[in-house]
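Overview (structure and organization)
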Amino acid sequence: MSSYAGKVLRINLSNGEIRKEPLSRDLSRAFIGGRGLGAKMLAGEIPAKADPLGEHNKIFFITGPLTGTTAPTGGRYMVVTKSPLNNVIASSNSGGFWGAELKFAGYDMVVVEGKAKTPVYVNIADDTVEIRPAVKFWGKLSQEVTDMLLEDTGDKKARVLNIGPAGENLSPIASVMNDRWRAAGRSGVGAVMGSKNLKAIVVRGSGKIQAAAPDRFKEVVGLCMQKIRENGVTGQGLPAYGTAILVNIINENGIFPTNNFQQGYFPEAEKISGEAIAEKYLKKKDPCYRCPIACGRYCAVNGEEGGGPEYETVWAFGADCGVSDLAAVIRANNVCNEMGFDTISAGATIAAAMELYQRGYIKPAELDGPELTFGNGEALVEWLKKMGRSEGFGAKLALGAARLCEAYGAPELAMTVKKLELPAYDPRGVMGHGLQYATANRGGCHVRGYLISPEILGVPEKLDRFSVEGKAEWTKTFQDLTAVIDSLGVCLFTSFALSLQDYTDLYNSATGENLTPEELLGCGERIFNLERLFNLQEGYTAKDDTLPKRLLEEPMPDGPSKGYIHPLREMLPQYYRVRGWSEDGVPTAAKKQELDL
């Protein structure tokens, strides 16, 4: 008995073949599940330099060994594929209930290959799996298509994963949506679904997931639940105000990127804070499967209701665009959910466009919509709709910030790493977090090693955020631990309260394995190095481990982090040494042998 379902569902859309295969226990031991197992299988199954939007790319919807169990936050799953945004390995995480439902149906993952001739969706009901026509669903928004598919399958309790118009139109910043407004948001995974003419995967399961050691697992779950409820972040802050509780905290530290990272302090941050959301627009909390934290928000604005917004979304459409109108920010979030956009990338791209407009690169005559000026909240919704439909100037915006700025001869105005738009923390005031941005395997990402935790929040201990001392070691540890958490199938927020020992106890009692904490963390290191090797194969080098020029050369102009730049060039050599990589950022033969790669 084990918490793995033990089956892989493989669907070839080109020929309609559906196969059920046993899960490799050797691979699951080495790579856990979720992000790790998906990375291993993708790397082994697609050819080098494969076109991300071509028939040879594959997309993995993959759970972890704790997904669908009673473990706290055990509803997470990953979407793993090759990114159409930047050609690196994409592994995008989502919550809600879809991942757990897939496990209840008896599958650890769904592998989608090939391309359907016309739009289709997949319907999974335990052992019954069908590829069904979806022409009538193509072009539909996320909530509408969810309702239509539940009607079409005749099961109102089924769970729906889908793309919106952004994915259908192959925007490289399109997300995969599930449970209406949960998103596997980053890296353009929605475009890969769109390239395969796959509109949705509907799943309904009737099974249960059993732990290998039920009594021990129940005991460990109880202890972990207690720690989460007693922790100040997971037991108080996040439940009360959601992730947007960070708005004032990050702004007060002067690292709240404003007007496309031109400043780090937003004077009107309070107006878009988690506290303001709770006071004005919050209708209820919206927790994911088995989540005691319940950071999810459900808001209403002028009769329009929906899930969110999260902290990153509030920042992207708020401070980054110079907008303090919270209602406009919430409406923009809702449009992204319906169109199927990554809110970070969509907001950051509009912010980049606003700076291009500010500096005269984009001319007024080019715009077939509202003026792209910082602070124009009314512009957000209209441009997002045009982006989703790939209409007019919106088609340029839908390509993401890097391509947009390159097209205007100003690539330095794209606040991206490896073409992935940076999230809501200016690295000029958090040196470890900036190093993490530069070295994260999918590009500019905050959830591949959340150094904000020790550098700002003081968890597990408070670090000097301006110091570089020891930050290479901290970055490596956080990156490896995050790879473990992403692979287990639980939420990263649990790491505010839980230790590596806790994750090890959950994993061992759920699966029947007997790993030490060091061995489990070693799995995370193996996963991170495998992703690195995939990217090197695709042509990436140490030169790509960098930050936007502005953050390396222009001192922060104002606020509590005034005068600082990011010392990345000083930090990278030490990071490579700590990783056991060569001076040019390549895992050595000894490191690969150590990790059995």
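Residues numbered from 1 in each chain as written. Predicted model: local features only at pLDDT ≥ 70, side-chain atom pairs only at ≥ 80, totals over all residues. Heavy atoms only, no water.

Some words on the environment of Gly434
Threshold: Comment: elements are numbered from the N terminus, with helices defined as DSSP H or I runs of at least four residues and strands as E runs of at least two. By definition, residues are in contact when any of their heavy atoms lie within 4.5 Å.
Following the sequence through the fold, Gly434 ends up in helix α17 (residues 431–439). Residue contacts for Gly434: discarding those within four places in its chain leaves Pro427, Leu547 and His566.

Some words on helix α8 (residues 232–241)
For the record, the criterion: When a residue's accessible area, from a 1.4 Å probe over protein chains only, is under 20% of the maximum for its type it is buried; when over 50% it is exposed; and in between it is partly exposed. Each polar contact in these results corresponds to two N or O atoms within 3.5 Å; when the atoms are within protein, one needs to be able to donate a hydrogen and the other to accept it, and residues that are neighboring in sequence are counted only if both atoms are side-chain atoms.
Within α8 the residues assigned to the buried category are Thr234, Gly237, Leu238 and Pro239. In this structure, the buried side of α8 is in contact with α7 (214–230), β13 (282–285) and β14 (297–301). Measuring from the backbone nitrogen of Val233 back to the side-chain oxygen at the start of α8 gives 2.8 Å, which picks out Asn231 as the cap. Trailing α8 by a residue or two, Gly242 shows a phi angle of about 70 degrees, which is positive.

Regarding helix α23 (residues 568–579)
Which entries qualify depends on this criterion: Take the residue count of a helix, subtract one, and multiply by 1.5 Å to get its expected span. Directions pointing from the helix axis toward each C-beta atom define the arc.
Its 12 residues place the ends of α23 16 Å apart at the C-alpha level, agreeing with the 16 Å of an ideal helix rising 1.5 Å per residue. All of the buried residues along α23 are Leu568, Met571, Leu572, Tyr575, Tyr576 and Arg579. Along the axis of α23, the buried positions cluster into a sector of 140 degrees, meaning they face one direction only. Looking at α23, the residues exposed on the side facing more than 90 degrees away from the buried face are Glu570 and Arg577. Looking at the packing, one finds that the buried side of α23 touches α17, α19 (471–488), α21 (517–537), α22 (549–553) and α24 (589–594). Two residues or fewer after α23 comes Gly580, characterised by a positive phi angle close to 80 degrees.

Brief notes about the packing of aromatic side chains
The line we're drawing: Whether two aromatic rings pair depends on their centres lying within 6.5 Å, for rings of Phe, Tyr and Trp, where Trp uses its six-membered ring; planes under 30 degrees apart make the pair stacked, over 60 edge-to-face, and the rest tilted. Either the NZ atom of lysine or the CZ atom of arginine qualifies as a charge over a ring when it sits within 6 Å of the ring centre and within 35 degrees of the ring normal.
Scanning the entire structure with this criterion turns up 18 aromatic pairs. Plain terms: the ring middles of Tyr121 and Phe137 are 5.8 Å apart, the flat faces sit at 75 degrees to each other, and that makes the pair edge-to-face. Placement of Tyr121 in strand β7 (residues 120–125) and of Phe137 in the loop between β8 (128–133) and α4 (142–153) is noted, with a sequence separation of 16 residues between them. Here the two residues Tyr121 and Phe137 agree in accessibility, since each one is buried. Among the aromatic side chains, those forming a connected cluster through ring pairs are Phe256, Tyr311, Tyr425, Tyr450, Phe493 and Phe496. The cationic tip of Lys284 hangs over the ring face of Tyr298; the distance from NZ or CZ to the ring centre is 4.9 Å.

Description of empty space enclosed by the protein
Going by this rule: Buried and open spaces are told apart on a 1 Å grid over the protein atoms alone, a cavity being a set of points where a 1.4 Å probe fits but cannot get out and a pocket being an open set with protein on both sides within 12 Å along at least five of seven lines. Residues with an atom within 4 Å of a point are the lining residues. Grid points are joined across faces, edges and corners, and a volume is the space filled by probe spheres set on the points. Gly counts as polar in this scheme, as do all residues outside two lists: the nonpolar Ala, Val, Leu, Ile, Met, Phe, Trp, Tyr, Cys and Pro, and the charged Asp, Glu, Lys and Arg.
Here the structure, examined in full by the defined rule, presents one cavity of 30 Å³ or more. If you trace the largest cavity, you find it lined by Lys418, Thr439, Ala440, Asn441, Arg532, Asn535, Leu536, Tyr540, Thr541 and Asp545. Of the residues that constitute the lining of the largest cavity, the class distribution is three nonpolar, four polar and three charged.

Some words on the pattern of salt bridges
Rules: Any carboxyl oxygen of Asp or Glu within 4 Å of a side-chain nitrogen of Lys or Arg constitutes a salt bridge here.
Considering all chains together, one arrives at 46 salt bridges under this definition. When the shortest N-O distance is used, the salt bridge between Arg204 and Asp155 registers 3.1 Å. With Arg204 in strand β12 (residues 198–204) and Asp155 in the loop between α4 and β9 (159–162), the pair connects residues that are 49 residues apart, well separated along the chain. Residue Glu525 is joined to Lys591 by a salt bridge in which the shortest nitrogen-to-oxygen separation is 2.9 Å. Taken together, the residues span a long stretch of sequence, with Glu525 in helix α21 and Lys591 in helix α24 at a distance of 66 residues. Judged by its relative accessible area of 8%, Glu525 falls in the buried class. The exposure class of Lys591 is buried, given its relative accessible area of 10%. Members of the salt-bridge network, linked through shared partners, are Arg10, Glu17, Arg19, Glu21, Glu45, Lys58 and Glu113.

Geometric descriptors of this kind do not, in isolation, establish any biological role.
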